[in-house]
Amino acid sequence: MPYGFCVPIRILSCLPRGGHEMNHEDEEIKLLLTEAVPPLPSPVDRVGAVARRVRRHRQRLIGSSVLAIATAVALGVGGMQILTGGERVPPNQTAGNSGGQGRWASCVEAAPEVATRGFLMTGEQAHLPRLNADFTPDVVVICGQETQRRADGGQDLVATERRGDDVAALVTALRLPDEPRTDRACTYELWLQPWLAVVDANGRWMRPEIPRDPCGKPRIEVREALDALPLTTVATRPVAEIESAGAAAAGCRQSWKDMLSVYTAAKPGPRPGAVPEPFPAGQQIRLCVYELPKGEQGNGGGEFAHGTVLQADRRTAIEHALTAAGPVEPCGRHASRFALLWSVAGDGPQTYVELDGCHRIMVVANPGGQVIAQGGTALAELLDKP
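Each value, and the rule that gives it
Residues numbered from 1 in each chain as written. Predicted model: local features only at pLDDT ≥ 70, side-chain atom pairs only at ≥ 80, totals over all residues. Heavy atoms only, no water. Helix = DSSP H or I, 4+ residues; strand = E, 2+ residues; numbered from the N terminus. Expected span 1.5 Å × (residues − 1). Contact = heavy atoms within 4.5 Å. Pairing = 2+ DSSP bridges. Buried < 20%, exposed > 50% of the residue type's maximum accessible area, 1.4 Å probe, protein only. Arc of directions from axis to C-beta. Core = buried A, V, L, I, M, F, W, Y, C linked by side-chain atoms within 4.5 Å. Disulfide = S-S within 2.5 Å. Salt bridge = Lys/Arg side-chain N within 4 Å of Asp/Glu carboxyl O.

Student: I'd like to hear about helix α9 (residues 312-323), residue by residue, with values.
Tutor: Structural remark: α-helix, 3.6 residues per turn; residues separated by three or four positions point the same way. The end-to-end C-alpha separation of α9 is 16 Å, in line with the 16 Å expected for twelve residues at 1.5 Å each. Buried positions along α9 lie against β13 (285-291), β14 (301-309), β15 (337-343), β16 (350-354), β17 (360-365) and α10 (377-383).

Student: Which residues make up the sheet that holds β14, and what values do they have?
Tutor: Taken together, eight strands build an open sheet; the order of strands is β11-β14-β13-β15-β16-β17-β18-β12 and the sheet is mixed. Because the sheet does not close on itself, it has two edges, and the strands there are β11 (255-257) and β12 (271-272). Where β13 and β14 come together, six bridges link them in antiparallel fashion. When the sheet's bridge partners are listed, Arg 286 is paired in β14 with Val 309.

Student: Describe helix α6 (residues 220-228), with residues and values.
Tutor: Of all the residues in α6, the buried ones are Val 222, Ala 225 and Leu 226. All buried residues of α6 project into a common sector of 100 degrees when viewed along the axis, lining one side.

Student: Let's hear about unusual backbone geometry: which residues, and what values?
Tutor: Put simply, Lys 267 and Pro 268 share a cis peptide bond, and its omega is -5 degrees. Checked against the element boundaries, Pro 268 lands in the loop between α8 (259-265) and β12. The backbone of His 359 shows a phi angle near 60 degrees, a positive value even though the residue is not glycine. With respect to the secondary-structure elements, His 359 resides in the loop between β16 and β17.

Student: Outline the nonpolar core, supporting the account with residue identities and numerical values.
Tutor: One finds Ile 318, Leu 322, Leu 341 and Leu 383 to be the most contacted residues of the largest nonpolar core, which totals 19 residues. Apart from residues lying up to four places away in sequence, Leu 341 is in contact with Phe 279, Ile 285, Arg 286, Leu 287, Leu 310, Ile 318, Leu 322, Pro 349, Gln 350, Thr 351 and Leu 383. One finds Val 140, Leu 196, Met 206 and Val 222 within the second-largest nonpolar core, a separate group that totals 18 residues.

Student: Give a description of the pairing of β13 that names residues and reports values.
Tutor: With six of its seven residues buried, β13 lies for the most part within the structure. In this structure, β13 lies alongside β15, joined through seven bridges in antiparallel fashion. Across the sheet, the residue bridging to Ile 285 is Ser 343, located in β15.

Student: Please provide a residue-by-residue account of the environment of Thr 316, values included.
Tutor: Mapped onto the elements, Thr 316 comes out in helix α9. Under the relative-accessibility criterion, Thr 316 is labelled partly exposed at 36%. Distance in space between the C-alpha atoms of Thr 316 and Phe 279 is 9.8 Å, their sequence separation being 37 residues.

Student: I'd like a description of the state of the cysteines, backed by residues and values.
Tutor: One covalent bond between the sulfur atoms of two cysteine residues makes up a disulfide. Evaluation of the coordinates by the stated rule reveals four disulfides. The disulfide that involves Cys 107 links it to Cys 143, with 2.0 Å between the sulfurs. On the sign convention where negative is left-handed, the bridge of Cys 107 and Cys 143, at about -85 degrees about the S-S bond, is left-handed. Taken as a pair, Cys 107 in helix α4 (residues 107-110) and Cys 143 in strand β6 (residues 137-149) lie far apart in primary sequence, 36 residues in all. The buried category is assigned to Cys 143, whose relative accessible area is 0%. In the protein, the cysteines engaged in disulfides, taken in order along the sequence, are linked 1-2, 3-4, 5-6, 7-8.

Student: Can you lay out the pattern of salt bridges for me, pointing to particular residues and giving the numbers?
Tutor: Evaluated as defined, the whole model comprises 13 salt bridges. In this structure, Asp 178 and Arg 130 form a salt bridge, with 3.4 Å as the shortest nitrogen-oxygen distance. Within this pair, whereas Asp 178 is found in the loop between α5 (168-174) and β8 (189-200), its partner Arg 130 is found in the loop between β5 (120-122) and β6, the two being separated by 48 residues in sequence. The shortest N-O distance in the salt bridge between Glu 209 and Arg 130 comes to 3.7 Å. Note that Glu 209 is positioned in the loop between β9 (205-206) and α6 and Arg 130 in the loop between β5 and β6, a separation of 79 residues in sequence. Judged by its relative accessible area of 1%, Glu 209 is buried. Through salt bridges with shared partners, a single ionic network connects Arg 150, Asp 152, Asp 156 and Glu 241.

Dropping the structure here:
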């Protein structure tokens, strides 16, 4: 898995082949991608394919953060720096006059901003000094973020300090010159790089500029050297909780977008009609309930309230209430809570139910699109109990 990764802007040129079902994290990234780019032609799962690719690569960098990435894509690539193919700004320093920034102490001192949720640097790379013969690194230090699973099943976002002393290949790559810029077409990506410093035998440290390829992106030699660099984590510090123990036990995501509000605000919105078969036969169904803070109601993200895998009798009662739903009624109220019902296997339709407000139901199926119908307090009561 490469250390830096491409976030495609020309999405159709970066799609993997083959169809796979989406999981909870894919769905979140898919939403972000959908909001960041124009609608794609059929098949409708192309954005989902990109979401899966982003998720796989992101796991090496920060695990799974809701930090979500349309990042435009990256939700939650804290501690990463975006390098694009734009024109270079001449460095304002050299390794000779900036190679001694005092003795290296820790990421806490050198990069306190990395211990911030949602931290993202942009543009600084062009102002870093080049690594030349005046500075001989012995150690590479990477300050970043990752997720850690707690003993209670929850997950935390933590800031990390990782070190490696097998630096020969990376140092050689960092000393390479920029390659001549091409006048041919280049692909458009964002390449994510960790906050990286090199430290010499006397403890002096610096952050080196990355040599670039003909498209203005980091040279492949640097990317390969980073990918192969053996690293040891020497320190961690908590940043934020990203998954509670309750959400982990229920198999629900800690946060989930109010997709019913998103789709109904779009033009055209979901089509009115009878609710299609909501639960795949023979599959367990997971119920996740989310609370929407006041400022998030109408088009925001909900936080986990409670969840479970439905027992047979409760599943049957909910399914009957869904299929008996009538035509959607005019209503302008926003829900403060909503439920998501979805196969434990992560396939089949997703069913969203407003637990207050307008009490609407929306089933999202592929194929089939979105269908909206009218629920009520009885269905809400069936869903909104731990």
